[in-house]
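Chain by chain, the residues:
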Amino acid sequence: MAEIIVVTSGKGGVGKTTTSASIACGLARRGKRVVVIDFDIGLRNLDLIMGCERRVVYDFVNVIQGDCTLKQALIKDKRIETLFVLAASQTRDKDALTSEGVRRVLDELIADGFDYIVCDSPAGIEKGAHLAMYFADRAVVVVNPEISSVRDSDRILGLLASKTWRAEQGEGGVKEHLLLTRYNPRRVANGEMLSVTDVKEILGLDVIGVVPESPDVLSASNAGTPVILNGESDASLAYEDAVARLLGETVPLRFVDEPKKGFFARMFGG
């Protein structure tokens, strides 16, 4: 049975699309059949990060409105055999998405044998974000370690607990996971950023991943390559760890402490 995972946040610019792309790639590299869907109607960034923007012919809205079949709209990733992308429309508004249409597309993907459906949500609490989370089994809540991002995510947690299909059916709600992005242990030590413990205590969620602040994330996005595929990057390793935890593996958290300085660095101020 397929599992639907929404990647969401209350605040824009925290790394949802980067996270959606990397989680989808990580699951597919482990042999899972995965599709990642862009719910950000009108903007459409997922195809850029996945490096398939020139291959978009039909989009999510075209499928919902019957302009094409789902198979015509799905874009097969050139790097990973079992990974597919369903792009958002750039020319429609968010009202083009309907609950019935989204349900129909998800049902067809499930019937087609996908193991995971990753829904890349727009920020905030408007219609696209609500539909991205409504049918989810699990949610990855992406948070920057700053108070405004944490506060906005608390609002999202309230919606996940009350305004989803699982909550309305009394099936226990959506299983929630917390993923911190742009984490900098040095700034945490200087009191400029919230710590992992701070965020956990405020939101009451276990942390599934901590992605360190890294220029590799922007470089990968500009190159149309999900950062998880950059095996030499700490950000890539952090996303690999998060995928492992999603699959139930026990992996220690990395990148949460400032690296200890060596002897010569301490002696000479390096």
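Notes on the structure follow. (Residues numbered from 1 in each chain as written. Predicted model: local features only at pLDDT ≥ 70, side-chain atom pairs only at ≥ 80, totals over all residues. Heavy atoms only, no water.)

With that out of the way, let us pick up the environment of R187. Among the structural elements, R187 can be located in helix α9 (residues 185-189). For R187, a relative accessible area of 31% gives the class partly exposed. Considered as a pair, R187 and R92 are 95 residues apart in the sequence and their alpha carbons are 41 Å apart. Setting aside its immediate chain neighbours within four residues, R187 contacts E192, M193 and E213. (Helix = DSSP H or I, 4+ residues; strand = E, 2+ residues; numbered from the N terminus. Buried < 20%, exposed > 50% of the residue type's maximum accessible area, 1.4 Å probe, protein only. Contact = heavy atoms within 4.5 Å.)

Packing of helix α7 (residues 147-162) against helix α10 (residues 196-203) leaves a shortest axis separation of 10 Å and a crossing angle of 30°. The angle between α7 and α10 places the two elements in the roughly parallel class. Crossing of α7 over α10 shows right-handed handedness. Of the residues in α10, those touching α7 at I147, V150, S153, D154 and L157 are V199, I202 and L203. (Axes fitted to C-alpha atoms, helices over the stretch in contact; angles between N-to-C directions. Parallel < 35°, antiparallel > 145°, perpendicular 65-115°, else oblique. Left-handed = near helix turned anticlockwise from the far one by under 90°.)

Before going further, it helps to examine the sheet that holds strand β8 (residues 207-212). With mixed pairing, eight strands are arranged side by side in an open sheet as β3-β4-β2-β5-β1-β6-β7-β8. A single partner strand is all that each edge strand has here, and the edge strands are β3 (75-76) and β8. In this structure, strand β2 (residues 34-38) lies alongside strand β5 (residues 116-120), joined through five bridges in parallel fashion. Across the sheet, residue V36 finds its bridge partner in β5, namely V118. Relative to the sheet, α10 contacts β6 (138-143), β7 (175-183) and β8, its axis offset from that of β7 by approximately 150°. (Pairing = 2+ DSSP bridges.)

Once that is clear, we can look at α10. All of the buried residues in α10 are V196, V199 and L203. Buried residues of α10 fall within an arc of 70° about the axis and therefore sit on the same side. The inward-facing, buried residues of α10 contact β6, α7, β7 and β8. The first or second residue beyond α10 is G204, which carries a positive phi of 70°. (Arc of directions from axis to C-beta.)

This part is about the pattern of salt bridges. Oppositely charged side chains are able to pair whenever their charged atoms sit close together. With the rule as written, the count across this model stands at 15 salt bridges. With its nearest N and O atoms 3.1 Å apart, the salt bridge here joins R166 to D137. Here R166 is found in helix α8 (residues 165-168), whereas its partner D137 is found in the loop between α6 (127-134) and β6, with 29 residues between them in sequence. Note on R166: relative accessible area 22%, which makes it partly exposed. Judged by its relative accessible area of 18%, D137 falls in the buried class. One salt bridge connects D241 with R254, and the closest N-O pair in it is separated by 2.9 Å. You can see D241 sitting in helix α12 (residues 234-246) and its partner R254 sitting in the loop between α12 and α13 (263-268), a full 13 residues away along the chain. Its relative accessible area of 8% is what places D241 among the buried residues. Residue R254 is classed as partly exposed on the basis of its relative accessible area, which comes to 35%. (Salt bridge = Lys/Arg side-chain N within 4 Å of Asp/Glu carboxyl O.)

Further remarks concern the side chain of T164. Within the secondary structure, T164 sits in the loop between α7 and α8. Looking at T164, its side chain comes within polar contact range of the main-chain oxygen of L160, at 3.3 Å. In contact with T164, not counting residues within four places along its chain, are M133, Y134, L159 and V174. (Polar contact = N/O pair within 3.5 Å; in protein donor to acceptor, adjacent residues only side chain to side chain.)

For the structure shown, the criterion picks out three aromatic pairs. Judged by centre distance (5.0 Å) and plane angle (80°), the ring pair of F39 and F60 falls under edge-to-face. Of this pair, F39 sits in the loop between β2 and α2 (46-49) while F60 is found in helix α3 (residues 60-64), placing the two residues 21 residues apart along the sequence. Look at F60 and you get buried, because its relative accessible area is 1%. (Phe/Tyr/Trp six-rings, centres within 6.5 Å; stacked < 30°, edge-to-face > 60°.)

Another point: the nonpolar core. With 54 residues, the main nonpolar core has I37, F39, F60, L86, L97, V102 and L109 as its most contacted residues. Per element, the largest residue contribution to this core is five residues, and it comes from α7. In terms of nonpolar packing, the next biggest core, distinct from the first, is built from 38 residues, I5, V36, I49 and A235 among them. (Core = buried A, V, L, I, M, F, W, Y, C linked by side-chain atoms within 4.5 Å.)

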